[in-house]
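Residue-level structural notes
If you want the building blocks of each chain, they are given just below.
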Amino acid sequence: MSQETSSSQRWEHARKVIPRGASSGHRLGWKQVFVRSGGAYLWDREGNRYLDFLNAWGPIILGHSDTRVNQAVLEAANTCDLTGVGPQLGEIELAEKVCELMPSAEKVVFCTSGTDATMHAAHIARAATGRVKVLKFHGSYHGWSDHVAVGGARADLTVDAPLETVNSAGLHPGVTGDVVVVEWNDAAGLRAAFDRHGSQLAAAFAEGYIHSFGCVPPQAGFLELLRELCTRHGVLFVLDEVKTGFRAALGGIQSVNGVIPDLTAFGKAIANGYSLAGLAGRDEFMGHLGAYTRGEATIDGTYNASPYAIAAANATLGIMESEETIARIYALGERLRAGYARAIEEAGVEAVVTGIGSEWAVYFRATAPQNFRDTMDVDTARYGAYQAALLEQGVLETTSATGDRRLNASTTEDDIDRAVDAARIAFAAAAA
Ligand code: PLP
């Protein structure tokens with residue numbers, strides 16, 4: 001296929017050899033094919049430039065195609081590539097850094113995706129407790145392993161309702177019986193779930209600030225309650241920091257809210273786009289990783305801690321520390337959210353903007369949602385008009401009416417002001 005093919009021709013070609021045309025469901029729904037990236041921007045095949053507020057769903061934190069990170073990767077590749085033998089120097093250095101930054105981290109292992117990390121967390125939790133069930137929150141996403149890929153959209157959530165909903169055909173049907181789903185911010189529901197299932201639960205999975213359906217913070221005391229119930233019932237609290245880790249703060253959201261989990265899954269922003277994830281936790285629990293011949297939980301993976309991704313992560317964290325990236329992206333995020341809130345008011349449309357730091361969500365409903373059920377009534381038609389109007393003006397936001405979005409550190413104040421101007425037009429289009 002020639003370099004000259006248009007975006008639509010590329011989609012056509014892709015559909016012939018890749019189911020639906022892309023290797024991840026989140027990449028569908030666009031007519032563009034992006035062929036160049038740099039800083040805060042992406043360029044499509046036709047040469048149009050877009051201010052990127054997807055940032056690959058989280059990993060791009062410093063900016064696209066960061067030459068400092070890429071140089072570090074190249075050096076690692078040319079010095080000592082993947083050996084598959086013992087730890088590598090950069091891996092030890094990164095593990096020390098994560099332990100220094102993240103309050104819950106006494107030991108760390110590296111894998112390649114958030115899915116790997118949450119799956120291994122469940123294995124450790126089962127090995128440590130001898131129990132099988134896991135608890136998660138309604139609508140929350142923790143990757144694709146069977147025990148967490150259940151409990152999608154349901155209007156009728158109660159503690160005893162059978163879980164019919166799985167997020168993919170082909171998951172093991174028996175897994176639904178071992179997953180307890182609770183509505184986010186429902187303290188009474190959480191207590192009831194622990195009363196009923198606490199002695200059978202190995203782990204409770206939660207994000208410290210929901211990203212799976214936009215940006216929904218925990219209400220005051222909710223995470224603390226989860227922590228307390230886990231401790232009381234001997235359940236491992238698994239904090240999913242795949243989106244919040246190294247973005248909400250260098251030490252993760254746990255270093256912001258002070259609620260310390262037993263295990264932490266992380267990924268995405270740590271390596272500015274290279275595929276690295278990991279699992280950190282108290283020694284007492286991470287010590288359950290060992291040899292399956294001794295009945296311990298096993299972690300194995302050809303590409304775990306690949307030297308390229310490790311080099312990218314060491315470079316990314318080094319830059320973030322020296323340039324105070326977190327403070328910068330918080331200031332930019334606040335500027336954007338304030339501008340969007342003004343634009344909503346001016347347009348007189350029923351919508352809210354929520355978020356933390358560099359991330360935000362736009363919901364076309366009167367009030368900020370408190371849980372997944374609340375997000376089910378968002379006005380998707382208005383959202384579609386809003387998103388299309390932004391895209392028309394070269395601002396890339398998610399196609400999902402309940403999606404989260406984020407900026408990277410190479411975004412400028414001028415970029416934000418331009419996005420706010422575009423949002424004025426987009427909110428007005430949605431109001432029409
Ligand atoms: N957990 C959360 C909160 C996520 O947002 C994601 C991915 O978006 C995952 C886990 C899965 O991570 P990965 O896509 O790296 O498998």
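These numbers were taken from a predicted model, which means no experiment stands behind them.

**Thoughts on the overall build of the protein**
Per the secondary structure count, the protein includes 13 helices and 14 strands. In terms of overall dimensions, the protein is globule-like: its C-alpha atoms have a radius of gyration of 22 Å, near the 22 Å expected for 432 residues. Its C-alpha atoms put the protein at 60 × 55 × 45 Å along the principal axes. Split into buried and exposed, the 432 residues of the protein put 50% on the buried side. Considering only residue pairs separated by 6 or more positions, the protein has 73% of its internal contacts joining residues 24 or more positions apart.

**Quick look at the sheet that holds strand 10 (residues 277-281)**
Across the sheet, which stays open at both edges, the seven strands sit in the order 4-10-9-8-7-5-6 with mixed pairing between neighbours. Single-partner strands in this sheet number two, and they are strand 4 (107-111) and strand 6 (179-182). Pairs of neighbouring strands in the sheet enclose a mean axial angle of 20 degrees, with direction left out of account. Here four bridges tie strand 5 (residues 133-137) to strand 6, and the two strands are oriented parallel to one another. Note that in strand 6 the partner of Leu135 across the bridge is Val180. Helix 3 (residues 89-101) rests against strand 4 and strand 10 of the sheet, and its axis sits at about 125 degrees to strand 4. Taken strand by strand, helix 5 (residues 187-197) contacts strand 5, strand 6 and strand 7 (201-206), and its axis lies near 160 degrees from that of strand 6.

**A word on the packing of helix 12 (residues 380-392) against helix 13 (residues 413-431)**
In the contact formed by helix 12 and helix 13, the axes pass within 8 Å of each other and the chain directions differ by 150 degrees. Judged on the interaxial angle alone, helix 13 and helix 12 are roughly antiparallel. In this structure, helix 12 crosses over helix 13, and the sense of that crossing is right-handed. On the side of helix 12, the interface is formed by Arg382, Ala385, Tyr386, Ala389 and Leu390, while helix 13 contributes Ala422, Ala423, Ile425, Ala426, Phe427, Ala429 and Ala430. Residues that form the contact of helix 12 with helix 13 fall into these classes: eleven nonpolar, no polar and one charged.

**Remarks on the site of the ligand**
Neighbouring residues of the ligand: 15 residues in total, closest Ser113, Gly114, Thr115, Gly143 and Val242. Here the shell around the ligand takes three residues from helix 4 (residues 114-129), the largest share from any one element.

**Considering the packing of helix 3 against helix 9 (residues 307-323)**
Put simply, helix 3 and helix 9 touch, their axes get as near as 9 Å, and they point 40 degrees apart. For the element pair helix 3 / helix 9, the angle class is oblique. Note that helix 3 runs across helix 9; the crossing there is left-handed. Residues Gly90, Glu91, Glu93, Leu94 and Lys97 of helix 3 form the contact with helix 9, whose participating residues are Pro307, Ile310, Ala311, Ala313, Asn314 and Leu317. Taken together, the residues that form the contact of helix 3 with helix 9 break down as six nonpolar, two polar and three charged.

**Some thoughts on the domain arrangement of the protein**
When cut into domains, the protein gives domain 1 (32-65 + 324-431) and domain 2 (67-322). Inter-centroid distance (C-alpha atoms) of domain 1 to domain 2 is 26 Å. With 28 residues of domain 1 in contact, the opposing surface of domain 2 contributes 32 residues. Taken together, the elements giving at least two residues each to the side of domain 1 that touches domain 2 come down to helix 10 (325-347), strand 11 (352-356), strand 12 (359-363) and helix 11 (372-375). The leading source of residues in the side of domain 1 that touches domain 2 is strand 12, at four residues. Partitioned by chemical class, the residues of the side of domain 1 that touches domain 2 number 13 nonpolar, twelve polar and three charged.

**Brief notes about the sheet that holds strand 2 (residues 41-44)**
Pairing is mixed across the open sheet formed by four strands, whose spatial order is 1-2-3-13. The sheet is open, and its two edges are formed by strand 1 (34-38) and strand 13 (395-396), each paired on a single side. Note: strand 2 against strand 3 (residues 49-52), three bridges, orientation antiparallel. Looking across to strand 3, one finds that Trp43 is bridged to Arg49.

**Considerations on unusual backbone geometry**
In the Ramachandran plot, Arg20 falls in the positive-phi region, its phi being about 60 degrees despite a non-glycine side chain. Its location among the elements puts Arg20 in the loop between helix 1 (7-17) and strand 1. Among the residues examined, Arg20 registers 12 C-beta atoms within 10 Å and is labelled exposed. Even without being a glycine, Asn272 presents a positive backbone phi close to 50 degrees. Of note, Asn272 is situated in the loop between strand 9 (263-266) and strand 10. For Asn272, a count of 33 C-beta atoms within 10 Å corresponds to the buried category.

**Considering the nonpolar core**
Counting 131 residues, the largest nonpolar core has Ala203, Ala204, Leu236, Val238 and Ala312 as its most contacted members. By residue number, the principal contributor to this core is helix 9, which donates nine residues. Mapped onto the domain boundaries, this core takes at least three residues apiece from domain 1 (32-65 + 324-431) and domain 2 (67-322). Beyond its immediate chain neighbours, meaning those up to four positions away, Ala203 contacts Ala121, Ala122, Ala125, Val134, Val235, Leu236 and Val238.

**Some words on helix 5**
Listing the buried residues of helix 5 in full gives Leu190, Ala193, Phe194 and His197. For helix 5, the buried positions fall inside an angular range of 95 degrees around the axis, keeping them on one side. Of the residues in helix 5, the exposed ones pointing more than 90 degrees away from the buried face are Ala188 and Asp195. On its buried side, helix 5 packs onto strand 5, strand 6, strand 7 and helix 6 (222-233).

**Structural notes on the confidence of the model for the protein**
Put simply, the protein has an average pLDDT of 93, and 95% of its residues get 70 or more. Scored by ipTM, the complex comes to 0.99, with pTM at 0.96.

Here is what the cut-offs are and how they apply
- Residues numbered from 1 in each chain as written.
- Predicted model: local features only at pLDDT ≥ 70, side-chain atom pairs only at ≥ 80, totals over all residues.
- Helix = DSSP H or I, 4+ residues; strand = E, 2+ residues; numbered from the N terminus.
- Rg over C-alpha atoms; globule rule 2.2 N^0.38 Å.
- Buried ≥ 20, exposed ≤ 12 C-beta atoms within 10 Å, placed from the backbone.
- Contact = placed C-beta atoms within 7 Å.
- Pairing = 2+ DSSP bridges.
- Axes fitted to C-alpha atoms, helices over the stretch in contact; angles between N-to-C directions.
- Parallel < 35°, antiparallel > 145°, perpendicular 65-115°, else oblique.
- Left-handed = near helix turned anticlockwise from the far one by under 90°.
- Nonpolar A, V, L, I, M, F, W, Y, C, P; charged D, E, K, R; others polar.
- Near = placed C-beta within 6 Å.
- Domains from an automatic or database assignment.
- Core = buried A, V, L, I, M, F, W, Y, C linked by C-beta atoms within 7 Å.
- Arc of directions from axis to C-beta.
- pLDDT = per-residue confidence, 0-100.

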